[in-house]
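# Overview (structure and organization)
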Amino acid sequence: MHHIVESQQFTLAFLNQIYRLADEMQLDPRPYFMPNKIMATVFFEPSTRTRLSFESAMHRLGGNVISTEKAAEFSSHSKGESLEDSIRVLSGYADVIALRHFEIGSAKRAAKVSQVPVINAGDGAGQHPTQSLLDLYTIQANFGKIDGLTIALVGDLLYGRTVRSLCYLLGRFYQVKLLFVSPSICRMGQDIKDFLTGHNLPWEEVEDFNAALRAADCVYMTRIQKERFLDMDLYNNALNQYRIDKTKTPLLKEQAIVMHPLPRLDEINKEVDSDPRMKYFQQAANGVWVRMALITSLLHPQLQKETPLEQKF
Ligand code: CP
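Let me sum up the structure you'll find in this document.

How each quantity is defined
Residues numbered from 1 in each chain as written. Predicted model: local features only at pLDDT ≥ 70, side-chain atom pairs only at ≥ 80, totals over all residues. Heavy atoms only, no water. Pairing = 2+ DSSP bridges. Helix = DSSP H or I, 4+ residues; strand = E, 2+ residues; numbered from the N terminus. Axes fitted to C-alpha atoms, helices over the stretch in contact; angles between N-to-C directions. Contact = heavy atoms within 4.5 Å. Phe/Tyr/Trp six-rings, centres within 6.5 Å; stacked < 30°, edge-to-face > 60°. Lys NZ or Arg CZ within 6 Å of the ring centre and 35° of its normal.

## Some remarks on the sheet that holds strand β5 (residues 150-154)
Read from one edge to the other, the open sheet built from five strands follows the order β7-β6-β5-β8-β9, with strand pairing classed as parallel. Here the strands that pair on one side only, and so sit at the sheet edges, are β7 (203-205) and β9 (257-259). Within this sheet the neighbouring strands show an average axis-to-axis angle of 20 degrees, counted without direction. Examined bridge by bridge, strand β8 (residues 218-221) and β9 share three bridges and lie parallel to one another. Bridge pairing in β9 places Tyr220 opposite Met259. Lying over the sheet, helix α8 (residues 190-198) contacts β6 (177-181) and β7, oriented at roughly 145 degrees with respect to β7.

What follows is the structure, encoded as structure tokens:
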């Protein structure tokens, strides 16, 4: 049994398997139907894309879903039940659990006590590994490669779990250059910088947003994570520093793509949505195919045996 806790688990062989499956899912998922399987989606933090695309994925695979959104309020967490006890119980109700929780490390804790695979659907400001899978799938679909690309990560790089997971995943590739563009109080964490340096991936903190837009093949915008700030003055200072609108699109390379895990606030003006380089809605849609592939790789008896994942946690 495998759990999906962090992006460092994803080997190149695993990525190949998942992306081949995701391509197959778009054509015909019937060979992988699992009508007797149940997924529990347990979300302690709000979500539109992750929860509903996991549920859509399970339904498209012919499986079933049990769900608690707003779990902090509507599950027995509100009566004082520990995460571990909830997961032990849910292990008896479902074949796989997708968990979003507000604490870093919660998915790892859940995996330690679960009798069924746990999928980290976001653990506080920690990681969002399945988002990184669909992000990479989107980049690969647009460029046909990852090696050699320059990727600008823009916005809240301190609390943004999607960019953290994406960096860990990019550590598997060659000659990828990362440009970090963020407000000074939202800089990328030293742990990620050390990881990238250790994997020979060059990174640079860039003050000049325009220069990053000119240099990047992929511009990955993110929202300032209001829910992680204790001081609203600091949050307000970090807001609205980087925005893509019609004054910025002429700076982008002709073949560049712009991504965003969504939800967006003002980071990308809707006036540029029709520019073919804007890929964030395609990115969100890819979440269904990639999550179908992931669920299948975890639950399909043969694929489960073959799934080349690292599980060191
Ligand atoms: N990208 C993402 O995680 O979106 P949600 O918070 O809506 O799930």
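Having seen it, we continue.
## What to know about the sheet that holds strand β3 (residues 96-101)
Pairing in this open sheet of four strands is parallel, and the strands run β2-β1-β3-β4 from one edge to the other. The open sheet terminates on both sides in strands that have one partner only, identified here as β2 (64-68) and β4 (118-123). Neighbouring strand axes in the sheet, compared pairwise and without regard to direction, differ in orientation by 15 degrees on average. Pairing geometry for β3 and β4, over four bridges, is parallel. The partner of Leu99 across the bridge, within β4, is Asn120. Relative to the sheet, helix α5 (residues 106-113) contacts β3 and β4, its axis offset from that of β4 by approximately 160 degrees.

## Overview of the packing of aromatic side chains
Summed over the entire model, instances satisfying the criterion amount to nine aromatic pairs. A connected cluster of aromatic rings, assembled from ring pairs, spans Tyr159, Phe229 and Tyr235. A cation sits over an aromatic face here: Arg291 above Phe54, 4.9 Å from the ring centre.

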